[in-house]
Amino acid sequence: MPEIKFIDILRKHKLGARVGLRTEGHQVAPDIEDALRRIQEMETLIIDFADIEVMSHSFADETIAIPLSRLVAGEHGEKYLAVRIDKDELCVDLENALNKRGLVLLRLRGAGNRHWSILGTLSDELRKTAELIGNLRAVSAGDLAPRLGISLQACSNRVVELGKKRLIQRIRVEGERGVKYENVLATG
Amino acid sequence: MELNALSAEQIIKDTCAGSSNTIDLTKCTFVEVSGIIRLVLLARHLTFEKRSIQMMIPQSEDVQGYLERANVFNELKGYCTFNESIEHLQHRERNPTSTLVELRSLDEENQARAIIDCFSTSLKAHKSINSDIMDTIDKVLFETLQNISEHANPGDFFAVSHGLAALQRYKKKLCLSIGDLGVGIRKSLTSNPKYPESRYDHTEAIKAAISGYSRHADIGRGGGLMSVVAAIQKLDGWLKVRSGDVAVTIAANDQQRVDQYVLFPGTQIDINVPLLQS
């Protein structure tokens, strides 16, 4: 799974671990968009926030929330974005920036892709569904519905909604019939 | 007399609403950064109003020294006369102090980064300033200083907003004040037709700004001041946002108090964060 270090992008712009002004974020944002452009369809770009000490609301909005809103609008095709952030404090303003735009994002903690959570506001139903899909690999709506205790139609509606938010993706498993769903961090 | 936000409001009232052309600081025994930010902004504002202001400087040599160290006389240069010479103060070598970051001017956004770095460097050395406070002050400065150039004079790229910032660390608290002479929060907010002047007086405009409303049509904008409030509250601090003819004080427990003052241009923000005893 392609992964970039946020600090490397900041250093390229002569910025340090403490960012920043909205105008500085505006200068950095094209690099994030470029990185999204370079990944393959169905891939998830992970932005690693290691070594970042401070990030303001405005900077988070310019560099993560706005590029994500373009991604969700389909400007980059069928691609996904996630962040790797160990420091909880960095998530506060990022989450507020996501909430203002009605966005959600997967957050990884530590090495690997096992420990994840969802940043941003999501209804309890959608959160529960996203978490269940994340804990199961490649699950169909038919398998999900009874586990959630809802009808197949209601389950289908939820997975469509989560797909639009770029939290899950539709896949086809070789040798198996029908469409399945998995967390965007599951592949690769 | 102490020169703080409250006493400065009385001086603003006497000079702006009244006819006094004298700012009398002779009996001043203590100065806070919130007071000096308002004092400098007031002198500049009155000059633009074609008023000739005389400032009676404090009799206390300690206070004179503090004002000099805080760069106040330098920032007042050309905006008022003094009742006695201040030259001897300016020839005196400034004793560097790590508790005060003197008045810094900000008229263009590219000056903001230098001011933030300077404030950070000053705070870094102290045991009573933990990383939570450091990080919060940086975030507060990012959001408030960029607002000066962005909102102080929206649409007028050549306007000078007279942005100022100063910081004072005491044993038990940290005080940060930021101010400008721009158009203020109400005029900035109501430039968006979604927020008409008829519904947004100065109080409502400030309350809207700290709740995430913005003049920008982009729904994602406007969270800056809201994030400042949340960050300061998390440190059990409070802040006061003064714009137009009111000041809204937001306490750590989210209680708000509105104080009515005389009309004054721009926006002034005072932040107070308690420090743990080291």
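Structural data are supplied above this passage.
A brief structural summary. (Residues numbered from 1 in each chain as written. Chains lettered and ligands numbered in written order. Predicted model: local features only at pLDDT ≥ 70, side-chain atom pairs only at ≥ 80, totals over all residues. Heavy atoms only, no water.)

1. A look at the overall build of chain A
Helix and strand content of chain A: seven helices and nine strands. The C-alpha radius of gyration computed for chain A amounts to 17 Å, which stays within 12% of the reference 16 Å derived for 188 residues, consistent with globular compactness. Principal-axis analysis of the C-alpha atoms gives chain A an extent of 50 × 30 × 30 Å. Taking all 188 residues of chain A together, 52% fall into the buried category. For chain A, the accessible surface area stands at approximately 8400 Å², while carbon and sulfur atoms represent 47% of it. For chain A, the separation between the mean place of its 29 positive charges and that of its 28 negative charges on side chains is 3 Å. (Helix = DSSP H or I, 4+ residues; strand = E, 2+ residues; numbered from the N terminus. Rg over C-alpha atoms; globule rule 2.2 N^0.38 Å. Buried < 20%, exposed > 50% of the residue type's maximum accessible area, 1.4 Å probe, protein only. Areas by Shrake-Rupley, 256 points an atom, 1.4 Å probe, with all protein chains shown as cover. Lys, Arg positive; Asp, Glu negative; His and termini not counted. Charge placed at Lys NZ, Arg CZ, Asp CG, Glu CD.)

2. Topic: the sheet that holds strand E6 (residues 100–106) of chain B
All names here are of chain B. A sheet is described by the order of its strands in space; here five strands give the open sequence E6-E7-E8-E10-E9, paired in antiparallel fashion. At either margin of the open sheet sits one strand with a lone partner, and together these are E6 and strand E9 (238–250). Taken over all neighbouring pairs, the strand axes of this sheet differ in orientation by 15 degrees on average, direction set aside. The sheet strands contacting helix H1 (residues 5–17) are E9 and strand E10 (256–274), and the helix crosses E10 at an angle near 170 degrees. (Pairing = 2+ DSSP bridges. Axes fitted to C-alpha atoms, helices over the stretch in contact; angles between N-to-C directions. Contact = heavy atoms within 4.5 Å.)

3. With respect to the interface of chain B and chain A
Contacts between chain B and chain A engage 21 residues on the former and 21 residues on the latter. Across the chain B/chain A interface, buried area totals approximately 1900 Å², and carbon plus sulfur atoms make up 44% of it. When residues of chain B are sorted by the area they lose upon contact with chain A, B:Arg113, B:Lys139 and B:Phe142 head the list and together hold 28% of the total. There are eight salt bridges connecting chain B and chain A. One salt bridge connects B:Arg113 with A:Glu24, and the closest N-O pair in it is separated by 2.8 Å. Looking at the side of chain B that touches chain A, the elements that each hand over two or more residues are helix H6 (112–124), helix H7 (131–151) and helix H10 (224–234) of chain B. Per element, the largest residue contribution to the side of chain B that touches chain A is seven residues, and it comes from H7(B). (Buried area = accessible area lost by both parts, 1.4 Å probe. Salt bridge = Lys/Arg side-chain N within 4 Å of Asp/Glu carboxyl O.)

4. Let's talk about the pairing of strand E7 (residues 163–169) of chain B
All names here are of chain B. A large share of E7 lies buried, amounting to seven of its seven residues. The alternating pattern of E7 places Gly163, Ala165, Leu167 and Arg169 on one face and Leu164, Ala166 and Gln168 on the opposite face, and all of these are buried. Pairing of E7 with strand E8 (residues 173–179) involves six bridges; the strand directions are antiparallel. Paired with Arg169 across the strands is Leu174, a residue of E8. Counting the residues in the hairpin turn of E7 and E8 gives three residues.

5. Here's the deal with the packing of aromatic side chains
Per the counting criterion, the structure on display carries seven aromatic pairs over all chains. Here A:Phe6 and A:Phe59 contribute two aromatic rings whose centre-to-centre distance is 6.2 Å and whose plane-to-plane angle is 75 degrees, an arrangement assigned as edge-to-face. With a gap of 53 residues between them, A:Phe6 in helix H1 (residues 6–12) and A:Phe59 in helix H3 (residues 57–72) connect regions that are remote in the sequence. Each member of the pair A:Phe6 and A:Phe59 is classed as buried. Measuring from centroid to centroid gives 5.5 Å for B:Phe73 and B:Phe82, while their planes differ by 80 degrees, and the two rings are edge-to-face. Taken individually, B:Phe73 and B:Phe82 each receive the classification buried, so the pair is uniform in this respect. These aromatic residues form a ring-pair network of at least three members: A:Phe6, A:Phe49 and A:Phe59. (Phe/Tyr/Trp six-rings, centres within 6.5 Å; stacked < 30°, edge-to-face > 60°.)

6. A word on the nonpolar core
Residue and element names in this part refer to chain B. Leu145, Leu174, Leu176 and Ile271 are the most contacted members of the largest nonpolar core, which totals 46 residues. For this core, the leading source of residues is H7, giving eight residues. Residues contacting Ile271, with those up to four places away along its chain left out, are Val140, Leu174, Cys175, Leu176, Val228, Ile232, Trp238 and Leu239. With 40 residues, the next largest nonpolar core counts Leu41, Leu164, Tyr170 and Cys175 among its residues. (Core = buried A, V, L, I, M, F, W, Y, C linked by side-chain atoms within 4.5 Å.)

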